[in-house]
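# A look at the structure
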Amino acid sequence: MACRVHTGHRVPARGFCVLLGKETERPVQVLVRDNNVDQALRALKKKLQREGVFREMKIRRNYEKPSERKAREKAESVRRQRKVERKRKEREGVFREMKLRRNYEKPSERRAREKAEAVRRYRKLMRKRMDREGY
């Protein structure tokens with residue numbers, strides 16, 4: 001099994017599949033357009049990231065006892081369930097403050113917005129003065 005790359009090069013993909021502990025039905029495939037290998041590598045990296053290959057490689061770097069593996073998987077499951085519950089409550093409007101925190105404005109962005117508002121107010125004031133004085 002190998003990845004077919006549009007330029008004709010063949011990149012082995014089986015190593016990634018073996019790391020995941022299962023053979024995949026189809027190889028990972030990335031197209032190289034206009035000899036832009038950097039873009040293809042970025043796309044491959046993104047696909048592997050989505051598949052969880054890098055995470056799996058990191059976990060498998062050292063031996064993990066079965067009891068440690070069970071504990072880790074259980075903790076991951078709890079974390080996933082909590083996230084789903086939090087998202088559900090957020091959709092229902094229970095965690096309004098979470099939305100406010102998500103829309104947090106950086107101090108630099110706040111200063112820029114306030115400055116723009118001050119300029120608008122000043123220009124509006126000057127227009128009113130000019131209209132009153134007949135310019």
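Every residue gets a number counted from 1 within its own chain, in the order that chain's sequence is written. Local features in this predicted model are restricted to residues of pLDDT 70 or higher, and side-chain atom pairs are both shown and tallied only at a pLDDT of 80 or more, whereas totals for entire chains, interfaces and linings draw on every residue. The basis for every side-chain value is the complete set of non-hydrogen atoms in the structure, without hydrogens or water.

Okay, the overall build of the protein chain next. What counts as a helix is a DSSP run of H or I of at least four residues, what counts as a strand is a run of E of at least two, and both are numbered from the N terminus. Helix and strand counts for the protein chain stand at 6 helices and 2 strands. Taken over 135 residues, the protein chain has a buried fraction of 12%. Residue contacts are counted whenever heavy atoms from the two residues lie within 4.5 Å of one another. In the protein chain, once contacts between residues fewer than 6 apart in sequence are set aside, the share between residues at least 24 apart is 35%. Only carbon and sulfur atoms are counted for the fraction: they give 51% of the accessible area of the protein chain, which is about 12,500 Å². Categorising residues by exposure relies on relative accessible area from a 1.4 Å probe, with only protein chains included: less than 20% of the type maximum marks a residue as buried, more than 50% marks it as exposed, and the intermediate range marks it as partly exposed. Per-residue accessibility takes into account occlusion by the displayed protein chains alone, with areas from the Shrake-Rupley method and a 1.4 Å probe.

Taking 1.5 Å as the rise per residue, helix α2 (residues 37–51) with 15 residues should run 21 Å; its terminal C-alpha atoms sit 21 Å apart, in good agreement. Every buried residue of α2 is listed here: A40, L44 and L48. For α2, the buried positions fall inside an angular range of 70° around the axis, keeping them on one side. Away from its buried face by more than 90 degrees, α2 exposes D38, R42, K45, K46, Q49 and R50. Positive phi appears at G52, one or two residues downstream of α2, with a value of about 85°. A helix is expected to reach a length of 1.5 Å times the quantity of its residues less one. By construction, the arc corresponds to the directions joining the helix axis to the C-beta atoms.

Below, the discussion takes up the confidence of the model for the protein chain. The pLDDT score gives, residue by residue, the confidence of the prediction method on a 0 to 100 scale. Per-chain confidence: the protein chain averages 80 in pLDDT, with 73% of residues scoring 70 or above. When pLDDT is averaged over each helix and strand of the protein chain, the minimum, 45, is found for helix α1 (residues 14–19) and the maximum, 93, for α2. This stretch, residues 1–9, has a pLDDT under 50; its non-local contacts, to residues over four places away or in other chains, come to 27 contacts. Long-range and interchain partners of residues 11–20, a stretch whose pLDDT sits below 50, account for 24 contacts in this model, where long-range means more than four residues apart.

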